[in-house]
Amino acid sequence: ILSDRGHLSNRDCARFLTELAQLGLEHAVLAHLSENNNLPLLARATAANELARCGLDKRVRVDIAAPGLTVEI
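Cut-offs and rules
- Within every chain, residues take consecutive numbers counted from 1 along the sequence as written.
- The model is predicted, so local features are restricted to residues of pLDDT at least 70 and side-chain atom pairs to those at 80 or more, both for listing and for counting; the totals for chains, interfaces and linings are taken over all residues.
- Hydrogens and water are ignored here; the side-chain numbers use all heavy atoms of the structure.
- Numbering goes from the N terminus for both helices and strands, where a helix is a DSSP run of H or I of at least four residues and a strand is a run of E of at least two.
- Residues are said to line a cavity or pocket when one of their atoms sits within 4 Å of a point; the points come from a 1 Å grid over protein atoms alone, cavities being sets where a 1.4 Å probe fits but cannot get out and pockets being open sets with protein on both sides within 12 Å along at least five of seven lines.
- Grid points are joined across faces, edges and corners, and a volume is the space filled by probe spheres set on the points.
- Lys, Arg, Asp and Glu make up the charged group, whereas Ala, Val, Leu, Ile, Met, Phe, Trp, Tyr, Cys and Pro make up the nonpolar group; the residues left over, Gly among them, are polar.
- Think of it in three bands: with a 1.4 Å probe and only protein chains considered, a residue is buried below 20% of the maximum accessible area for its type, exposed above 50%, and partly exposed in between.
- Strand pairing follows a simple DSSP-based rule, namely that at least 2 bridges must link the two strands.
- For the handedness criterion, the strands are oriented away from the viewer, and a crossover whose path from the first strand over the helix to the second runs clockwise is classed as right-handed.

**Some details on the environment of H32**
In step 1: Tracing the chain through its elements places H32 in the loop between β1 (27-30) and α2 (40-53).
In step 2: For the pair formed by H32 and A65, sequence separation is 33 residues and the distance between their alpha carbons is 7.7 Å.

The following block contains the structure:
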């Protein structure tokens, strides 16, 4: 996230999720999180807060994918 390649910032991801939610997104899974520069709960909270700010938090379920975790969609 410290370069113009690679991971999105949590804020950019959250903004993109709101755009997708406006197009009908119902479920998002946050994956490929940086182990060195991020925390899963922070990434999820940032997404949830942005969706709530836009009044879209009731439309979209946000989960976190972690190594060894199965997320049912």
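Anyway, onward from the coordinates.
**So, the layout of surface pockets**
In step 1: Space inside the largest pocket adds up to approximately 200 Å³.
In step 2: Lining the largest pocket are 16 residues; nearest its centre among them are L8, C13, A31, H32 and L33.
In step 3: When residues of the lining of the largest pocket are traced back to their parent elements, those giving at least two are α1 (10-22), β1 and α2.
In step 4: Here the element with the most residues in the lining of the largest pocket is α1; it accounts for three residues.
In step 5: When its residues are assigned to classes, the lining of the largest pocket shows ten nonpolar, six polar and no charged.
In step 6: In this structure, the second largest pocket spans a volume of roughly 150 Å³.
In step 7: For the second largest pocket, the full set of lining residues is H32, L33, S34, E35, N38, L39, P40, I64, A65, A66 and P67.
In step 8: Here the residues of the lining of the second largest pocket are counted per class, giving seven nonpolar, three polar and one charged.

**Remarks on the pairing of β1**
In step 1: Burial of β1 is one-sided: the residues A28 and L30 facing one way are buried, the residues H27 and V29 facing the other way are not.
In step 2: Examined bridge by bridge, β1 and strand β2 (residues 61-64) share four bridges and lie parallel to one another. Along β2, the bridge assignment pairs V29 with D63.
In step 3: The parallel pair β1 and β2 is bridged by α2, and the resulting crossover is right-handed.

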